[in-house]
Amino acid sequence: STQSTWGPNLSVFFLFIMADWQGLLKWSVKQTDGTRPSEIRQLSEEDKQFLEEALKSVSFDPMQRILELYNVLQKPEEDDSVIQEKEIALEELGDCLGQIDFASDFHKIGGLRKVFEMMSHPKPGIRLRACDVFCTVVQNNPFTQQAAQDMNAISTLLQLFNAPDNDIQLSVKYFAALSSLVRSNPVGQEAFLLGDGLQTVRTALSSSDNRLQRKALFLLRHLFSSMPRVQESITELRLVPLISRHIGDEDIDLRESSTEFIAELLSHSKELKREVLNQSPNLQQRVQDRKTVIEGDAELDHELNLCNRILQELKE
């Protein structure tokens with residue numbers, strides 16, 4: 001089968017080929033290093049055929065492989081074996097589409113629309129993997145981001161994320177898809193805000209899952225830096241307590257990102273500083289306690305500097 005020939009990880013294939021070329025180079029040098037008479041002879045027809053086949057195996061067309069995988073996604077789902085085949089194809093597509101040109105070409109052959117449809121598939125395994133491919137295709141790609149918006153993707157993804165029957169793993173994937181589509185996409189950001197997207201960010205920040213909290217915080221910081229009116233929404237939705245509670249968190253990414261963001265909010269304007277203190281009255285004590293814990297730990301110098309920065313802002 002195609003899967004057994006190529007496998008999901010193309011890098012393994014290329015490493016194998018490179019290993020063969022290294023061996024061929026060593027053999028060639030050895031034959032012509034002057035240490036013994038040359039034994040070079042004319043190739044037989046059998047040798048020529050073998051060499052031609054070897055050279056053909058080195059030639060690889062990524063778009064041809066992407067098209068083959070897309071065709072797998074189009075297959076009628078007659079039994080569970082086809083579902084499994086599609087899951088494998090989606091995993092391999094995630095590896096193939098990292099280059100922006102391949103992602104754009106994938107959309108041109110209908111791949112983005114197909115993957116978007118599969119994000120609502122009855123089988124959770126298909127939905128999860130389709131979300132991963134969608135993220136890869138639209139991330140930092142204005143062409144595919146616009147195409148996804150033309151499919152009403154932001155509104156659909158907000159609905160999918162907020163569906164009551166999601167498990168947490170699927171919620172994380174849907175939010176990641178939203179974030180990939182919205183970041184560095186001014187038109188998409190407007191659509192996100194109009195669709196009450198910040199309420200979805202609040203839902204994610206309020207969850208008990210660290211992965212979802214990290215993604216929500218990352219997206220919120222991006223929106224805050226690129227859209228001035230998000231400042232008002234942060235206070236209106238009372239997001240500050242959901243951010244400041246992670247100061248001192250065991251999760252290092254959540255802890256540092258939250259502490260950095262609180263420092264940014266305090267230094268942004270006097271009005272915002274006032275709102276931060278109103279919504280998180282124990283902020284100074286929380287930061288001071290964290291500072292006491294980490295003082296003297298060289299590995300946490302960055303966090304200590306953030307704590308000092310916050311405490312200085314609170315004095316002014």
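Residues numbered from 1 in each chain as written. Predicted model: local features only at pLDDT ≥ 70, side-chain atom pairs only at ≥ 80, totals over all residues. Heavy atoms only, no water.

Peer 1: Whenever I open this one, the overall build of the chain confuses me. Can you help?
Peer 2: The helix and strand tally for the chain stands at 20 helices and zero strands. For the chain, buried positions account for 44% of its 316 residues. Excluding contacts between residues fewer than 6 apart, the proportion of contacts in the chain whose partners are at least 24 apart in sequence is 68%. Accessible surface for the chain amounts to roughly 17300 Å². Of this, 51% is attributable to carbon and sulfur atoms. (Helix = DSSP H or I, 4+ residues; strand = E, 2+ residues; numbered from the N terminus. Buried < 20%, exposed > 50% of the residue type's maximum accessible area, 1.4 Å probe, protein only. Contact = heavy atoms within 4.5 Å. Areas by Shrake-Rupley, 256 points an atom, 1.4 Å probe, with all protein chains shown as cover.)

Peer 1: I would appreciate a short explanation of the environment of D209 in the present structure.
Peer 2: Inspection of the secondary structure assignment puts D209 in the loop between α13 (197-206) and α14 (210-226). For the pair formed by D209 and V172, sequence separation is 37 residues and the distance between their alpha carbons is 8.8 Å. Not counting residues within four places of it along the chain, the set of residues in contact with D209 comprises I168 and V172. Within the structure, D209 has its side chain in polar contact with the side chain of R211 (distance 3.0 Å). (Polar contact = N/O pair within 3.5 Å; in protein donor to acceptor, adjacent residues only side chain to side chain.)

Peer 1: I'm lost on the pattern of salt bridges in this one. Help?
Peer 2: Considering all chains together, one arrives at 15 salt bridges under this definition. Put simply, R129 and E91 hold a salt bridge, and the shortest N to O gap is 2.8 Å. One end of the pair, R129, is in helix α8 (residues 124-138); the other, E91, is in helix α5 (residues 80-96), and 38 residues separate them in sequence. By relative accessible area, which is 38% here, E91 ends up partly exposed. Here the residues in one salt-bridge network are R65, E68 and E92, joined through shared partners. (Salt bridge = Lys/Arg side-chain N within 4 Å of Asp/Glu carboxyl O.)

Peer 1: How should the packing of aromatic side chains be read in this particular structure?
Peer 2: Any two aromatic rings considered together are summarised by their centre-to-centre distance and by the angle between their planes. This model, assessed by the stated rule, comprises four aromatic pairs. Centre to centre, the rings of F116 and F134 are 6.1 Å apart; their planes meet at 35 degrees, and the pair counts as tilted. Taken together, the positions of F116 in helix α7 (residues 111-118) and F134 in helix α8 put the pair 18 residues apart, joining distant regions of the chain. (Phe/Tyr/Trp six-rings, centres within 6.5 Å; stacked < 30°, edge-to-face > 60°.)

Peer 1: What am I meant to see in the nonpolar core here?
Peer 2: Here is a general trend for soluble globular proteins: nonpolar side chains tend to be buried in one another's company. Membership of the largest hydrophobic core comes to 85 residues, with the highest contact counts inside it found for F134, F192 and L220. Each residue touching F192, except ones within four places of it in the same chain, is listed here: I154, L158, L178, V182, G197, L198, V201, L219 and L223. (Core = buried A, V, L, I, M, F, W, Y, C linked by side-chain atoms within 4.5 Å.)

Peer 1: Would you mind going over helix α18 (residues 270-279) with me for this structure?
Peer 2: Count 3.6 residues to each turn of an α-helix, and residues three or four apart come out pointing the same way. Along α18, the residues classified as buried are L272, K273, V276 and Q279. Along α18, the residues classed as buried sweep out an arc of 135 degrees about the axis, all on the same side. Facing away from the buried side of α18 by over 90 degrees, the exposed positions are K270 and N278. (Arc of directions from axis to C-beta.)

Peer 1: For this particular structure, what's the right way to read unusual backbone geometry?
Peer 2: Apart from glycine, the bulk of residues carry a negative phi angle, and the bulk of peptide bonds sit in the trans form. One non-glycine residue with positive phi stands out, namely D196, at about 65 degrees. Topologically, D196 is positioned in the loop between α12 (186-194) and α13. In the Ramachandran plot, R238 falls in the positive-phi region, its phi being about 50 degrees despite a non-glycine side chain. The residue R238 is located in the loop between α15 (230-236) and α16 (240-244) in this model. Taking the relative accessible area as the measure of exposure, R238 reaches 43% and is therefore partly exposed.

Peer 1: Is there a simple way to think about the packing of helix α4 (residues 62-73) against helix α6 (residues 100-108) in this case?
Peer 2: The description of two packed helices rests on the angle between their axes and on the distance between the axes. Two numbers describe how α4 lies on α6: the axes approach to 11 Å, and their chain directions differ by 40 degrees. Relative to α6, α4 is oriented oblique. Between α4 and α6 lies a crossing of right-handed hand. Seen from α4, the contacting residues are P62, M63, I66 and Y70; seen from α6, they are F102, D105 and F106. Counted by class, the contact of α4 with α6 contains six nonpolar, no polar and one charged residues. (Axes fitted to C-alpha atoms, helices over the stretch in contact; angles between N-to-C directions. Parallel < 35°, antiparallel > 145°, perpendicular 65-115°, else oblique. Left-handed = near helix turned anticlockwise from the far one by under 90°. Nonpolar A, V, L, I, M, F, W, Y, C, P; charged D, E, K, R; others polar.)

Peer 1: When you look at the side chain of R65 in this model, what are you seeing that I'm missing?
Peer 2: Note that R65 resides in helix α4. Judged by its relative accessible area of 4%, R65 is buried. A polar contact is formed between the side chain of R65 and the side chain of E92, at a distance of 2.9 Å.

Peer 1: Whenever I open this one, the state of the cysteines confuses me. Can you help?
Peer 2: Taken as a whole and judged by the stated rule, the model has zero disulfides. Left unpaired, C135 is separated from the closest cysteine sulfur, that of C131, by 6.6 Å. By relative accessible area, which is 11% here, C135 ends up buried. (Disulfide = S-S within 2.5 Å.)

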